[in-house]
Every structure is written in C-alpha cells, then in structure tokens.
Amino acid sequence: MSSVPQSLSFNEYRNVVFELLTQIPRGKVATYKQIAQLAGIKNPRLVGRILHTNTDDQKYPCHRVIRADGSIADGYAFGERFGQIVRLRTEGVEVLNHKVNLELYQWQK
DNA sequence: GCTGTGACTTCGA
DNA sequence: CTCGAAGCCACAG
C-alpha cells in the first residue's frame, strides 16, 4: 500500500468530479480550484475540461461551479452564461455583476 | 513523442 | 477595472 494516488485516468477524475457536484447543496457554489483539490486534481483546468464532458446538467449541476474569484466561467456548454446565472439565483445564490460572494456561498471551504 | 489547446489561476502594468 | 503573460496538467492530432 503505501501511498500511490498516482495519476488517475481522465475517466476516474470525471467520476469523482461529478460525484462532488451532486454533493454540493442547493444555494452553494464551488470553485474549480476547490473541486480540483477535493478530487485530487492538481490543475483546475482539468476540472473545466471534465465539466465540458457533462451531458446532463439536471443530474450534475455544473452551473454551481464557478471561477476562483467568484466570476462565472466561460463556454457554458448548455447555453449562455446568463442561463447559468439565472439558475444560481433561482437556487438562492445572489449574483452581482456576474460575480458571487464566495465568502457567503462557497461550498465547505 | 512533440505541438497545440483549454468551462483555470495568479501576478503585474 | 481591463488586458497580457507565465504556470500548470492532460487530451487530441
């Protein structure tokens, strides 16, 4: 045993990330950096790539994942960023000027 | 196996 | 506040 997290496959990371998405409570958001750390991913860019493979936003709320500075990420795969913002506000997350107050809405920091 | 690219991050001007 | 550059890891061609 001894250690060895080793580099998991893209599919493995994707499984972990999607699992984390389902664990995010309603009204909370998580940053790419946060998810990456929880999933054991070193590079947050990988998280973005994984989310881009998401085909079911109903099951995996990728809209709850935002940038480290609280702003909405680019290239939302399910439409314009406006849709993502509206969805967040619907869940109770206040979005001001395309930004979210992580001090108030970040998921288990 | 090298090159290009990316739903990112952080610092500096 | 906006813009640019370097760092970072993994995948596609």
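Preceding this section is the structure that the text describes.
Residues numbered from 1 in each chain as written. Chains lettered and ligands numbered in written order. Predicted model: local features only at pLDDT ≥ 70, side-chain atom pairs only at ≥ 80, totals over all residues. Heavy atoms only, no water.

(A) A look at the nonpolar core. Counting residues in hydrophobic clusters, the biggest one holds 21 residues, and the most contacted among them are Val17, Leu21, Ile35, Ile41, Val47 and Leu51. Elements that contribute at least two residues to this core include exactly helix H1 (10–23), helix H2 (32–39) and helix H3 (44–51). With residues near it in sequence (within four places) discarded, Ile41 still touches Tyr13, Val17, Ala36, Leu46, Val47 and Ile50. Formed by ten residues, the second largest nonpolar core is a distinct cluster that contains Ile85, Val93, Val95 and Val100. (Core = buried A, V, L, I, M, F, W, Y, C linked by side-chain atoms within 4.5 Å. Buried < 20%, exposed > 50% of the residue type's maximum accessible area, 1.4 Å probe, protein only. Helix = DSSP H or I, 4+ residues; strand = E, 2+ residues; numbered from the N terminus. Contact = heavy atoms within 4.5 Å.)

(B) Looking closely at the packing of aromatic side chains. On inspection of all chains with the given rule, the structure shows two aromatic pairs. Plain terms: the ring middles of Phe18 and Tyr60 are 4.6 Å apart, the flat faces sit at 25° to each other, and that makes the pair stacked. On the criterion of sequence distance, the pair formed by Phe18 in helix H1 and Tyr60 in the loop between H3 and strand E2 (65–66) is long-range, its members being 42 residues apart. Judged on exposure class, the residue Phe18 and its partner Tyr60 are both buried. (Phe/Tyr/Trp six-rings, centres within 6.5 Å; stacked < 30°, edge-to-face > 60°.)

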